[in-house]
Structure formats: C-alpha cells, structure tokens
Amino acid sequence: MDACCHYVMSTGEELLRSRGLRVTRPRLAVLDVLAGGGHLEVDEITRRVRARLDSVSTQAVYDVLGALSRAGLSRRIEPAGSPARYEARAGDNHHHVVCRGCGEIADVDCATGSAPCLDPNTAHGFEVDEAEVTFWGLCPTCQARRSADD
Ligand SMILES: [Zn+2]
Ligand SMILES: [Zn+2]
Ligand SMILES: [Zn+2]
C-alpha cells in the first residue's frame, strides 16, 4: 500500500469510528469512491467499488450508503426525474443546480449556510427545519449545443 492510499484508508477509518460505525472494507471502499467527488448513482458507485473489492453485491452497497447517510457521512439527493445519487459533501445544506438537458448536477453553496435557508410567510403551524431548493437550467455544454443547433 503506498503512502497516498494509506492516507485515504486511515481517514476513512477515522471518519467511520468518529460516527460510531464499524470499519468494514465495503464501507471504506464506498467512502473512498464518494471522496472522489460528484453526485453518483448507485450503479456507478457499485462499479467503482467492485474495481477496489472483489465481490460486493448491489444490496451491500445500498446498505452501506444507507448507513453512511444516516451517520451524516454521505448525502442522498434525488432530483425529479433522476435516480437517487449520493455524494460525500454532507451536512452543509448546500443546494444543487440540475441541467434540464443532460442531467448534470453541480453544487451551489447556500447563501445562509444553515437549514431552512428560506422562511415561508406562513408555515401553517409547522416547525420548519428544511427548505428543499433545487435550481434548474441548462449547463454550459447544453447551452453550446443549443447555439450550434440554431
Ligand atoms: Zn447539460
Ligand atoms: Zn452536492
Ligand atoms: Zn440555501
């Protein structure tokens, strides 16, 4: 194991232990995949985990993602019309901008930083703890494609 890889592994172990989770190879592998960044579908996560470990079932990956999400180590998002995606960036109440053309997703920092970042005029007596904000539009690639088609 080289120094770089060892660093990643020990960080993953510390993360799991800090949340009271047992350290397992599938959990470390999923954390490592998510640490690579992006908003990944389960199929993609499973493919990358299998490149690191010999055999991992899709159900095992779902179980790991569930445990990591409950522990606040990953975040599950599900934009309308897209399968669920997971990311390592959790707990900072950031939002997403989603491309209507190709489904590309990018992070948008929350201006306020903590949920709920919008206050409804009336909440009908509800105690509001989150505003789910998703921005929709066209990514730069799809904008360029649209211009080329004109
Ligand atoms: Zn696009
Ligand atoms: Zn994100
Ligand atoms: Zn916000």
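To keep things clear, this report deals only with the structure shown in the data block. All residue numbers here refer to positions counted from 1 along the written sequence of the relevant chain. As a convention, the first chain written is A and the first ligand written is 1, with the rest following in written order. This being a predicted model, a pLDDT of at least 70 is required before a residue's local features are given, and a value of 80 or more before pairs of side-chain atoms are given or counted; all residues contribute to the totals for chains, interfaces and linings. To get the side-chain values, all heavy atoms of the structure are used, and hydrogens and water are removed first.

Remarks on the overall build of the chain
Thought 1: Helix numbering and strand numbering both begin at the N terminus, where a helix is a DSSP run of H or I of at least 4 residues and a strand a DSSP run of E of at least 2. When helices and strands are counted, the chain shows 5 helices and 6 strands.
Thought 2: Each helix and strand of the chain, ordered N terminal to C terminal, gives the series α-α-β-α-α-β-β-β-β-β-α.
Thought 3: Principal axes of the C-alpha set define a box for the chain whose edges measure 50 × 50 × 30 Å.
Thought 4: Partly exposed describes any residue whose relative accessible area lies between the buried limit of under 20% and the exposed limit of over 50%, with all areas from a 1.4 Å probe on protein chains only and scaled to the type maximum. The buried share of the chain, taken over its 150 residues, is 33%.

Considering the coordination of the zinc ion (ligand 2)
Thought 1: Any N, O or S atom lying within 2.8 Å of the metal counts as a donor, and for Na, K and Ca the limit rises to 3.2 Å; water is left out, so some sites can look incomplete. Surrounding the zinc ion (ligand 2) are the protein donor atoms His39 (NE2), Glu87 (OE), Glu87 (OE), His94 (NE2), His96 (NE2) and Asp107 (OD), at 2.0 to 2.6 Å.
Thought 2: The motif formed by the donor residues of the zinc ion (ligand 2), counted along the single chain, is H-x47-E-x6-H-x1-H-x10-D.

A word on the pairing of strand S4 (residues 95-99)
For a regular strand, side-chain orientation follows a simple rule: the groups alternate between the two sheet faces.
Thought 1: Counting buried positions along S4 gives 4 out of 5 residues, so the element sits mostly inside the fold.
Thought 2: Strands pair, by our definition, only if DSSP identifies at least two bridges between them. From the end of S4 to the start of strand S5 (residues 105-108), which pair antiparallel, there are 5 residues, and Gly103 there has a positive phi angle of about 85°.
Thought 3: As paired strands, S4 and strand S6 (residues 134-137) are joined by 4 bridges and run parallel to one another. Bridged to Val98 within S6 is Trp136.

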